[in-house]
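Summary of structural features
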Amino acid sequence: MPPPTTASTAPTADTDALLDGLDVARERTLALVEPVCAEDLERVHSTLMSPLVWDLGHIAAFEDLWLVHRFGGEPMLRGEYAQVYDAFETPRAERGDLPYLRCAEAHTYLADVRTRVRELTDARGAGDGLLHELVIRHERQHQETMLQTIMLARLRDYDPRWRVEPPQAAGAAPTGLEWIDVQGGPFDMGAPAEGFAYDNERPRHAVDVPAFRIGRTPITNATFLHFVEGGGYQRREWWTDEAWHWKEQYDITHPLHWTDDGREWRIGGYEPLDPTRPVVHVSWFEADAFARAHGARLPTEVEWEKAATWDQDTGATRPYPWGSEPPTRERANLDQSGCGPAPAGAYPAGAAPSGCQGMLGDVWEWTYSDFRGYPGFRAHPYREYSEVFFGADYRVLRGGSWATSGRVATPTFRNWDHPQRRQIFAGFRIASDA
Ligand SMILES: [Fe+2]
């Protein structure tokens, strides 16, 4: 997990707010595993994912390393576990074989590290706050990973206590095929130099973007079902060679959690497919084939970010699609609250100046782009966060999902995965040249 890029002139952090951020994150982590029995926490559910209890120990070990050791200058409480919980050293497929802490011990490790961090922070403040922020975001990001595992595990009747019903869309239900025109011209892309950001979001740089069109919302289940029923998975001409080979090899005929009889697995059980929600759990290959079938393509990363943040009236880049304030429940479906995507178009208050809706939250959106460093990229503080993944093997996803924390989901945040992966809460919107 990522280290922060340190700002050159960082202000002194609000220590109470950071400690509160740590507490709020922990409360959700514990609530997330509360409905899961020990056996299901310790079991490997998918070779793509760690056992859930590994994530718990890893969250503790990351905080132990960054806040007890590197920030506090003390030895790690459980340094002997550093190797077991090193995400880069131990690929997910191998984690089931590791001597990781089981449930009770993992909970104890979490609590012990947090107690020590609180003592250290009370005694000396949080410095510029960037390491505390890193640890908060890391725990938040693992909550999303754990929800991916919970989906793959098909845990029946999983019903977390924070769950609330998402709002309904007002007016005619979008399909995802409604177009927005975005003017050509330069805009500032990437995270600003001050504050917290990951290395791959920097430096901010001007990009001249030709005029383009992009979907007002992500593609909905109804629209994707039309593609499936219209032979979308049989029409060779809509698939690249690599995508077709993958689809044939694994006999892919619909999105990951759909059934053949009109239902989909959602958190806790099977439900009738909701035509109004964005399609989710599709691979880049499927998204690309759908776009080709509609004479379109996926948006490039540059186009996606411009549609999300560029204010055509002022020429400035906004921190969020709707302005400067952080996300709220009225603006975006984030923070796991609805346990799934909300209907497309349900958050008009979160619209970008371009008119695009749902840019943050609901579903991650596949972009056309490979994962690369921006001009002037500098790895910070080690190469294993971003740089080793740069290249043609990974595609970029943008915007966060319903399972992403509002603290993590910004329009400059870059996620990446292989084009065949479907465990991510990923959908897409389409684009084309103007
Ligand atoms: Fe991690």
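For the structure, see preceding data.
To start, this report covers the structure provided alongside it. (Residues numbered from 1 in each chain as written. Predicted model: local features only at pLDDT ≥ 70, side-chain atom pairs only at ≥ 80, totals over all residues. Heavy atoms only, no water.)

A few words now on the packing of helix H1 (residues 15-33) against helix H5 (residues 130-152). Packing of H1 against H5 leaves a shortest axis separation of 9 Å and a crossing angle of 15°. In terms of their interaxial angle, H1 and H5 are classed as roughly parallel. Note that H1 runs across H5; the crossing there is left-handed. On H5, the residues touching Leu18, Gly21, Leu22, Val24, Ala25, Arg26, Arg28, Thr29, Leu32 and Val33 of H1 are His132, Glu133, Val135, Ile136, Glu139, Arg140, Gln143, Met146, Leu147 and Ile150. Of the residues assigned to the contact of H1 with H5, the class counts are 11 nonpolar, four polar and five charged. (Axes fitted to C-alpha atoms, helices over the stretch in contact; angles between N-to-C directions. Helix = DSSP H or I, 4+ residues; strand = E, 2+ residues; numbered from the N terminus. Parallel < 35°, antiparallel > 145°, perpendicular 65-115°, else oblique. Left-handed = near helix turned anticlockwise from the far one by under 90°. Contact = heavy atoms within 4.5 Å. Nonpolar A, V, L, I, M, F, W, Y, C, P; charged D, E, K, R; others polar.)

The biggest cluster of nonpolar side chains holds 93 residues, and the ones touching the most others in it are Leu147, Tyr158, Phe224, Trp239 and Phe428. Considering each element in turn, this core owes the most residues, 12 residues, to helix H3 (residues 52-71). Residues Val207, Val209, Cys356 and Met359 belong to the second largest nonpolar core, which totals 22 residues. (Core = buried A, V, L, I, M, F, W, Y, C linked by side-chain atoms within 4.5 Å. Buried < 20%, exposed > 50% of the residue type's maximum accessible area, 1.4 Å probe, protein only.)

Glancing now at H1. The end-to-end C-alpha distance of H1, which contains 19 residues, comes to 28 Å, matching closely the 27 Å that a straight helix rising 1.5 Å per residue would cover. Turning to H1, its buried residues are Leu18, Leu19, Gly21, Leu22, Ala25, Arg26, Arg28, Thr29, Ala31, Leu32 and Val33. Those residues of H1 that are buried lie in contact with helix H2 (38-42), H3, helix H4 (103-124) and H5. Between the side-chain oxygen at the start of H1 and the backbone nitrogen of Asp16 there is a gap of 3.3 Å, and the oxygen is on Asp14. (Expected span 1.5 Å × (residues − 1). Polar contact = N/O pair within 3.5 Å; in protein donor to acceptor, adjacent residues only side chain to side chain.)

Time to look at the packing of aromatic side chains. Applying the stated rule across the entire model yields 30 aromatic pairs. Both rings, one in Phe196 and one in Tyr198, keep their centres 5.1 Å apart while their planes meet at 85°; by these two values the pair is edge-to-face. As far as burial versus exposure is concerned, Phe196 and Tyr198 are alike and both buried. Each ring, one from Tyr385 and one from Trp416, has its centre 5.6 Å from the other, and the planes form 70°; the classification is edge-to-face. With a gap of 31 residues between them, Tyr385 in the loop between strand S7 (364-371) and strand S8 (391-398) and Trp416 in strand S9 (residues 414-417) connect regions that are remote in the sequence. A relative accessible area of 13% places Trp416 in the buried class. (Phe/Tyr/Trp six-rings, centres within 6.5 Å; stacked < 30°, edge-to-face > 60°.)

It is worth spelling out the coordination of the iron ion at this point. Around the iron ion, the protein contributes the donor atoms His58 (NE2), His138 (NE2) and His142 (NE2), which lie 2.2 Å from the metal centre. In terms of primary sequence, the donors binding the iron ion are separated according to H-x79-H-x3-H. One end of the pair, His58, is in helix H3; the other, His142, is in helix H5, and 84 residues separate them in sequence. The exposure class assigned to His58 is buried, which follows from its relative accessible area of 4%. Residue classification places His142 among the buried positions, given a relative accessible area of 5%. (Donors = N, O, S within 2.8 Å, 3.2 Å for Na, K, Ca; no water.)

Over the atoms, a rolling probe the size of a water molecule traces out where space has been left empty. Considering only enclosed or pocket space, the second largest pocket measures out at about 570 Å³ in volume. The class makeup of the residues in the lining of the second largest pocket is 11 nonpolar, six polar and seven charged. (1 Å grid on protein atoms, 1.4 Å probe; cavity = no way out; pocket = protein on both sides within 12 Å on 5 of 7 lines; lining within 4 Å. Points joined across faces, edges and corners; volume = space filled by probe spheres on them.)

Here Val113 lies in helix H4. Note: C-alpha distance between Val113 and Arg78 (35 residues apart in sequence) is 9.0 Å. If we ignore the near neighbours within four places in the chain, the residues touching Val113 are Ala60, Glu63, Asp64, Val68 and Leu77.

Our focus in this paragraph is empty space enclosed by the protein. Within the structure shown, the criterion is met by two cavities of 30 Å³ or more. Empty space within the largest cavity amounts to approximately 100 Å³. Together, 15 residues line the largest cavity, and Glu264, Trp265, Arg266, Val280 and Pro341 are the ones closest to its centre. Looking at the lining of the largest cavity element by element, the count peaks at three residues for strand S5 (residues 263-266). Here the residues of the lining of the largest cavity sort into nine nonpolar, three polar and three charged. Approximately 60 Å³ is the volume found for the second largest cavity. Along its surface, the second largest cavity is lined by Thr217, Pro218, Pro278, Pro343, Ala344, Gly345, Ala346, Tyr347, Gln357, Gly358 and Asp362. Residues that form the lining of the second largest cavity fall into these classes: six nonpolar, four polar and one charged.

Put simply, Arg202 and Pro203 share a cis peptide bond, and its omega is -5°. The topology assignment puts Pro203 in the loop between strand S2 (185-189) and strand S3 (205-209). Positive phi outside glycine occurs at Asp362, with the angle close to 65°. Secondary-structure assignment places Asp362 in the loop between helix H9 (301-309) and S7. On the basis of relative accessibility, which here comes to 5%, the residue Asp362 falls in the buried class.

Owing to its 3.6 residues per turn, the α-helix brings residues three or four apart onto one side. Counting buried residues along H9, eight of its nine residues qualify, which places the element largely inside the surrounding structure. Among all positions of H9, only Glu301, Glu303, Trp304, Glu305, Lys306, Ala307, Ala308 and Thr309 are buried.

Relative to each other, H3 and H5 sit at 175°, their axes nearing to 10 Å. It follows from the interaxial angle that H3 and H5 lie roughly antiparallel. Of the residues in H5, those touching H3 at Leu52, Trp54, Asp55, Leu56, His58, Ile59, Phe62, Glu63, Trp66, Leu67 and Phe71 are Leu131, His132, Leu134, Val135, His138, Glu139, His142, Thr145, Met146, Thr149 and Ile150. Class assignment for the residues of the contact of H3 with H5 results in 13 nonpolar, six polar and three charged.

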